[in-house]
Amino acid sequence: LDTPGSTTCPVIPSWIPRRYQKDWLLPLIDRWDAYWQEQYKADSTGDLRMRTADLDGDGGKDHVLLLVRPDTTHRDSSYALVVSFGNGRDTLLASYPWAESEGGIGMGLLLEPPGELGHLGGEEGEEEIASPVQLTQPAITVVFFEKASITWFWSKGGFHQVWTGD
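Per chain, residue numbering runs from 1 following the sequence as it is written. Restriction of local features to residues with pLDDT of at least 70 applies here, the model being predicted, together with a cutoff of 80 or more for giving and counting side-chain atom pairs; totals for whole chains, interfaces and linings are based on all residues. Side-chain figures throughout are based on the complete set of non-hydrogen atoms in the structure, without hydrogens or water.

S.K.: Teacher, can you tell me more about the overall build of the protein chain here?
M.R.: Working definition: helices are DSSP H or I runs of at least four residues, strands are E runs of at least two. Numbering for both runs from the N terminus. Secondary structure summary: the protein chain contains one helix and 12 strands in total. For the protein chain, buried positions account for 46% of its 166 residues. By definition, residues are in contact when any of their heavy atoms lie within 4.5 Å. A sequence separation of at least 24 residues applies to 51% of the contacts in the protein chain between residues at least 6 apart. Each accessible area is a Shrake-Rupley estimate made with a 1.4 Å probe; only the visible protein chains count as cover when residues are assessed. For the protein chain, the computed accessible surface area is about 9000 Å², with 51% contributed by carbon and sulfur atoms. For every residue, the accessible area (1.4 Å probe, protein chains only) is compared with the maximum for its type, and the residue is labelled buried under 20%, exposed over 50%, or partly exposed between those bounds.

In structure tokens, the structure reads:
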């Protein structure tokens, strides 16, 4: 039986919130170069396109999805970072306009374990977030390969983001 970390795993429709199912897709893992798959290996939490953990501390399984929206030429026109909570809710954390002309995807998802997380600063307009942040549950990091990384963590009833790589 295939698992969500495999190259042949079919998308489980319930993982993608209904409102995204028409225009957004969960890309196949082979869209990532073998080099990046090796650098950021799949594990029991998922792979570069999806991760599973209790992100909000409610005891449920939450799915973080890196969805792609193809344009009319079948190129990726944008990516969405979506959390599908175990209780049926969902939230869009970010949308990245991006066109991948070569077919590969230049970003991926990682989980940060609970504990201290050092960072370079938060988003403009947010209250200053002291470094390090004490994570009480796993957090999700979007790695822009060879560029930067942003980590989203749950605190005080919502997600907050900090730059964790430059």
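S.K.: What exactly am I supposed to notice about the nonpolar core here?
M.R.: Judged by nonpolar contacts, the single largest core of 28 residues is most densely connected at Leu81, Tyr96, Met107, Trp152 and Phe159. If you list the elements that add at least two residues to this core, you get β3 (62-70), β4 (76-84), β5 (90-100), β6 (107-112), β10 (139-144) and β11 (148-155). The dominant element in this core, judged by the number of residues it contributes, is β10, at four residues. Discounting residues that sit within four places of it in the chain, Trp152 has contacts with Leu81, Leu93, Ala94, Tyr96, Ala139, Ile140, Phe159, His160 and Gln161. Nonpolar core, defined: a set of buried Ala, Val, Leu, Ile, Met, Phe, Trp, Tyr and Cys residues in which side-chain atoms within 4.5 Å join the residues together.

S.K.: Got a minute to help me understand the pairing of strand β2 (residues 50-53) in this structure?
M.R.: Put simply, side chains in a regular strand alternate between the two faces of the sheet. By the alternation rule, side chains of β2 split into Met50 and Thr52 and Arg51 and Ala53, which are all buried. Paired strands, as defined in this entry, are two strands with at least two bridges between them according to DSSP. Here strand β1 (residues 46-47) pairs with β2 via two bridges, running antiparallel. Looking across to β2, one finds that Asp47 is bridged to Met50. Between β1 and β2, which pair antiparallel and follow one another directly, the connecting turn spans two residues.

S.K.: Please clarify how the sheet that holds β6 should be interpreted in this entry.
M.R.: What links the strands of a sheet is backbone hydrogen bonding, and the strands pair in either a parallel or an antiparallel sense. Pairing is antiparallel in the open sheet, where five strands are placed in the order β6-β10-β11-β12-β8. Either end of the sheet is taken by a strand with one partner, and the two such strands are β6 and β8 (121-122). Strand direction decides the pairing type here: β11 and strand β12 (residues 158-165), joined by seven bridges, are antiparallel. Residue Ile150 lies in a different strand from β12, and its bridge partner there is Trp163.

S.K.: Sorry, what's going on with the environment of Gly165 here?
M.R.: On the secondary structure map, Gly165 appears in strand β12. For the pair Gly165 and Ile150, spaced 15 residues apart in the sequence, the C-alpha separation amounts to 6.9 Å. Ignoring any residue separated from it by four or fewer positions in sequence, one finds Gly165 in contact with Leu120, Ala148 and Ser149.

S.K.: Whenever I open this one, the environment of Leu92 confuses me. Can you help?
M.R.: With respect to the helices and strands, the residue Leu92 is situated in strand β5. On the accessibility criterion, Leu92 (42% relative accessible area) is partly exposed. In sequence terms Leu92 and Val64 are 28 residues apart; their C-alpha atoms lie 9.8 Å from each other. Excluding residues within four positions of it along the chain, Leu92 makes contact with Tyr20, Ala80, Leu81 and Val82.

S.K.: I would appreciate a short explanation of unusual backbone geometry in the present structure.
M.R.: A negative phi holds for most residues other than glycine; trans holds for most peptide bonds. The backbone of Glu146 shows a phi angle near 60°, a positive value even though the residue is not glycine. Relative to the helices and strands, Glu146 resides in the loop between β10 and β11. Even without a glycine there, the phi angle at Lys156 is positive, about 55°. Note that Lys156 resides in the loop between β11 and β12. Here Lys156 falls in the exposed class, since its relative accessible area comes to 83%.

S.K.: When you look at the side chain of His119 in this model, what are you seeing that I'm missing?
M.R.: As for its position among the elements, His119 is in the loop between β7 (115-117) and β8. We classify His119 as buried; its relative accessible area is 12%. By the criterion applied in these results, polar contacts are pairs of N or O atoms within 3.5 Å in which, for protein atoms, one can donate a hydrogen and the other can accept it, and in which residues neighboring in sequence qualify only through two side-chain atoms. A polar contact is formed between the side chain of His119 and the backbone oxygen of Ile129, at a distance of 3.2 Å.

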